[in-house]
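# Reading the structure
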Amino acid sequence: MSEITGVNLKRSVKIYGHLDGKTLERATQEIEILFAKDKEAPIDLLMASSGGMCEPVFVFINYFTYGVPAVFRTIAFEELASMAIPLFMIGETRCVCPGVKFFFHPMAKTFGKEASITLGDFDHVKRSLQDSSVKYNQIITERSGEKCSLRRIKKLISSENYVETDELIKLGLVHGIL
């Protein structure tokens, strides 16, 4: 376990709360400004989130993996859950504050208060959840350097699981404590 120090406040972007298109669009704009100033220096993503929507997170990850090759250091200041975890994994260096946990759970689809779906929509929702689960698992497995195997991540998301800092480090999800 390594100790990682300092946050570069001049090159940091905060991603707190629910992960939706609006939150990640704001973060993307801030990152693009920092990246334009210096394409080599890492950008600190300061995170605390209970997760959010799959699509905006996957778009964000793909944009900064294949489109804008920014280098990130991700720092979790509080618990991360759900879709915040693969977003956290975008960091070349990943660290947490002492005592931070990750919360894994099965993939779910939420609908608005007055949403209605047809019988035909169920197949689409099922395929969408399966596709999102595959992407989620792939990101975690690859970015952990295979330390968190596909089998292990599938087990973690098969039910509700909190994972403590020491285990996060063993699984390759976190490099150290801030």
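Note: the structure precedes this text.
So, here's what we can say about the structure. These figures come from a predicted structure and were not determined experimentally.

Here Thr23 lies in helix 1 (residues 21-37). Accessibility expressed as a relative area gives 13% for Thr23, which makes it buried. Excluding residues that lie within four positions of it along the chain, Thr23 makes contacts with Ile15, Tyr16 and His18.

In this structure, Ile15, Phe102 and Phe104 are the most contacted members of the largest nonpolar core, which totals 48 residues. For this core, the element with the highest residue contribution is helix 2 (residues 54-67), accounting for six residues. Residues within four places of Phe102 in sequence aside, it is in contact with Ala76, Leu80, Ile85, Phe88, Val96, Asn161, Tyr162, Val163, Leu168, Leu173 and Val174.

Here we come to the pattern of salt bridges. If you walk through the whole model with that rule in mind, you get five salt bridges. The salt bridge involving Arg26 is made with Glu30; its shortest N-O contact spans 2.8 Å. Placement of the pair is Arg26 and Glu30 together in helix 1, with a separation of four residues, close to one helical turn. The class for Glu30 is partly exposed, based on a relative accessible area of 30%. Across the salt bridge formed by Glu167 and Arg152, the nearest N and O atoms sit 3.3 Å from each other. Linking Glu167 in helix 6 (residues 165-170) with Arg152 in helix 5 (residues 150-156), this pair joins segments that are 15 residues apart in sequence.

Tallied over the entire structure, the rule returns five aromatic pairs. Centre to centre, the rings of Tyr63 and Phe64 are 4.8 Å apart; their planes meet at 80 degrees, and the pair counts as edge-to-face. Measuring from ring centre to ring centre gives 5.4 Å for Phe64 and Phe72, while their planes differ by 90 degrees; the resulting arrangement is edge-to-face. Across the pair, exposure class does not vary: Phe64 and Phe72 are buried alike. By the ring-pair criterion, three or more aromatic residues cluster together here, those being Phe60, Tyr63, Phe64 and Phe72. If you follow Lys101 out to its NZ or CZ, it ends over the ring of Tyr162, 5.7 Å from the centre.

In this fold, Glu32 is placed in helix 1. Accessibility expressed as a relative area gives 31% for Glu32, which makes it partly exposed. As for Glu32 and Phe64, which are separated by 32 residues in sequence, their C-alpha atoms are 9.8 Å apart.

Take helix 1 next. In this model helix 1 runs 24 Å from its N-terminal to its C-terminal C-alpha over 17 residues, within 8% of the 24 Å that 1.5 Å per residue would give. Where helix 1 is concerned, the buried positions are Thr23, Leu24, Ala27, Thr28, Ile31, Leu34 and Phe35. Down the axis of helix 1, the smallest arc covering the buried residues is 130 degrees, so these residues share one side. In helix 1, the exposed positions that point more than 90 degrees away from the buried face belong to Lys22, Ile33, Ala36 and Lys37. The secondary structure elements touched by the buried residues of helix 1 are strand 2 (12-16), strand 3 (43-49), helix 2, strand 4 (72-81) and helix 3 (84-88).

Parameters at a glance
Residues numbered from 1 in each chain as written. Predicted model: local features only at pLDDT ≥ 70, side-chain atom pairs only at ≥ 80, totals over all residues. Heavy atoms only, no water. Helix = DSSP H or I, 4+ residues; strand = E, 2+ residues; numbered from the N terminus. Buried < 20%, exposed > 50% of the residue type's maximum accessible area, 1.4 Å probe, protein only. Contact = heavy atoms within 4.5 Å. Core = buried A, V, L, I, M, F, W, Y, C linked by side-chain atoms within 4.5 Å. Salt bridge = Lys/Arg side-chain N within 4 Å of Asp/Glu carboxyl O. Phe/Tyr/Trp six-rings, centres within 6.5 Å; stacked < 30°, edge-to-face > 60°. Lys NZ or Arg CZ within 6 Å of the ring centre and 35° of its normal. Expected span 1.5 Å × (residues − 1). Arc of directions from axis to C-beta.

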